[in-house]
Amino acid sequence: MSLPKIVICGDIVWAHDELQQMLGSTTEIVRMDCQSRKEFLDNLGPNGKYGNVVGFYRHNSSADRIGIFDAELINALPETCKWIAHNGAGYDQIDVHACKARGIRVSNTPGAVDEGTATTALYLLLSALRQFSIAERNLRTLKWKSGLIPAHDPSAMTLGVLGMGGIGLHFAKMAHALPVKKIYYYNRSPKKDAPEWAQYVSSLDELLEKSDVLSVHCPLNERTVGLIGEAQIRKLKKGSIIINTARGKVIDEAALIKALEDGHLYAAGIDVYPDEPNVNPKLMEFRNVTLLPHMGTETEESQRSMEVRALQNLVDYFQSDSGKDLVLEHRS
């Protein structure tokens, strides 16, 4: 009897030994080596290299060659395909509704990215408050403190956390340790294990009105595209700060730029963009904006943990026809 086939679709950088230990003796491991979407689709037939595949390990790097896992690609997968183990907390590159219609379940890697992304948000918070990125650029061009305006201490700031999942909670704990003056958060519902110092508010508007700093940690889906737009930004106090380590499309970039231009926002810290790796050149013009090239999970420890957790989801499927990291849309 042949072993079930899994396809490694994208990079495994750190967990090569774990791949063999976890799945080497129980599955046929095939690496996706196509250089185009057409070549990939052509190899999904019964006699193709990826025919009869049961599960995918997927990394976003595969999109460079075969594109995202949209409805066209999902609908071309063979009937044998039952699981896509995505490496990453955000899974907006997979059409989860098309998967559900085909009976293909999707998992992600929550928890594995918490520390890496939260420390990125913390850096952006401190840099935006204290103007550290401006100061470093000054020093490198021998301008010392030229052009710096009065900065702010974290202890004077009320922090609003939009999305108190694993990353949001980890970040809130770090910010509380600084400390910040007060922490509010908004979720679909109150978080059961939220610390007593993090106060739940029942609406996004209330969060915006109370916050000096808004840190965005919600996933990208059809409900959150443009969630923070012109109206929402204007509900923030004049002189507020926005931090985004979630997804670029959660914030209306044009509205963000307008608020920076007219001084409604004191500063911003951005790690994610609507059209990565392209960045709006207007953002480069603002000295008070700290920009990073999506550095949230760029650590060896985070990436290894993400790889292992994605592989574990495949192991769980083969062992129990289930997995603890099913994406929200597939839990009902």
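The following refers to the structure shown. Since the model is a prediction, treat every value here as computed from it, not as a measurement. Here the residue numbers are simple positions, counted from 1 along each chain's written sequence. Where totals are concerned, whole chains, interfaces and linings use all residues; where local detail is concerned, this predicted model gives features only for residues with pLDDT of at least 70, and gives and counts side-chain atom pairs only at 80 or more. Side-chain descriptors were evaluated using all non-hydrogen atoms of the structure, hydrogens and water having been removed beforehand.

Here's the deal with the side chain of serine 62
Only DSSP runs of H or I with at least four residues qualify as helices, and only runs of E with at least two residues qualify as strands; both kinds are numbered from the N terminus onward. Position of serine 62 relative to the elements: it lies in the loop between β3 (53-58) and α3 (63-66). Exposure remark for serine 62: the relative accessible area of 0% places this residue in the buried category. Any pair of N or O atoms that falls within 3.5 Å is considered a polar contact. Within protein, one atom must be able to donate a hydrogen and the other to accept it, and sequence-neighbouring residues count only if both atoms are side-chain atoms. A polar contact of 2.8 Å, which involves the side chain of serine 62, links it to the backbone oxygen of histidine 59. Contacts are assigned to residue pairs that have any heavy atoms within 4.5 Å of one another. Sequence-distant contacts of serine 62, that is, excluding residues within four places in its chain, are made with Cys9, Gly10, Met32 and Gly67. Here's how the labels work: a residue is buried when its accessible area is under 20% of the maximum for its type, exposed when over 50%, partly exposed in between, all with a 1.4 Å probe on protein chains only.

Here we look at helix α1 (residues 16-23)
Three- or four-residue spacings in an α-helix give side chains the same orientation, since the helix completes a turn every 3.6 residues. Considered for burial, the residues of α1 that qualify are Glu18, Leu19 and Leu23. All buried residues of α1 lie within an arc of 105° about the axis, which places them on one face of the element. Projecting away from the buried face of α1 at angles above 90 degrees are the exposed residues Asp17 and Gln21. Looking at the buried positions of α1, the neighbouring elements they touch are β1 (5-9), β2 (28-31) and α12 (300-320). This arc is taken over the directions from the axis of the helix to the C-beta atoms.

With respect to the pattern of salt bridges
What makes a salt bridge here is a side-chain nitrogen of Lys or Arg within 4 Å of a carboxyl oxygen of Asp or Glu, nothing more. Inspection of the entire model under this criterion finds 18 salt bridges. Across the salt bridge formed by lysine 38 and aspartate 42, the nearest N and O atoms sit 2.9 Å from each other. Of this pair, lysine 38 and aspartate 42 both sit in helix α2 (residues 37-42), separated by 4 residues, roughly a single helical turn. A relative accessible area of 59% means that lysine 38 is categorised as exposed. Two residues, arginine 140 and glutamate 136, come together in a salt bridge whose shortest N-O distance is 2.9 Å. Pair noted here: arginine 140 and glutamate 136 are both in helix α7 (residues 132-140), with a separation of 4 residues, about one helical turn. Through salt bridges with shared partners, one network takes in Glu230, Arg234, Lys258 and Asp262.

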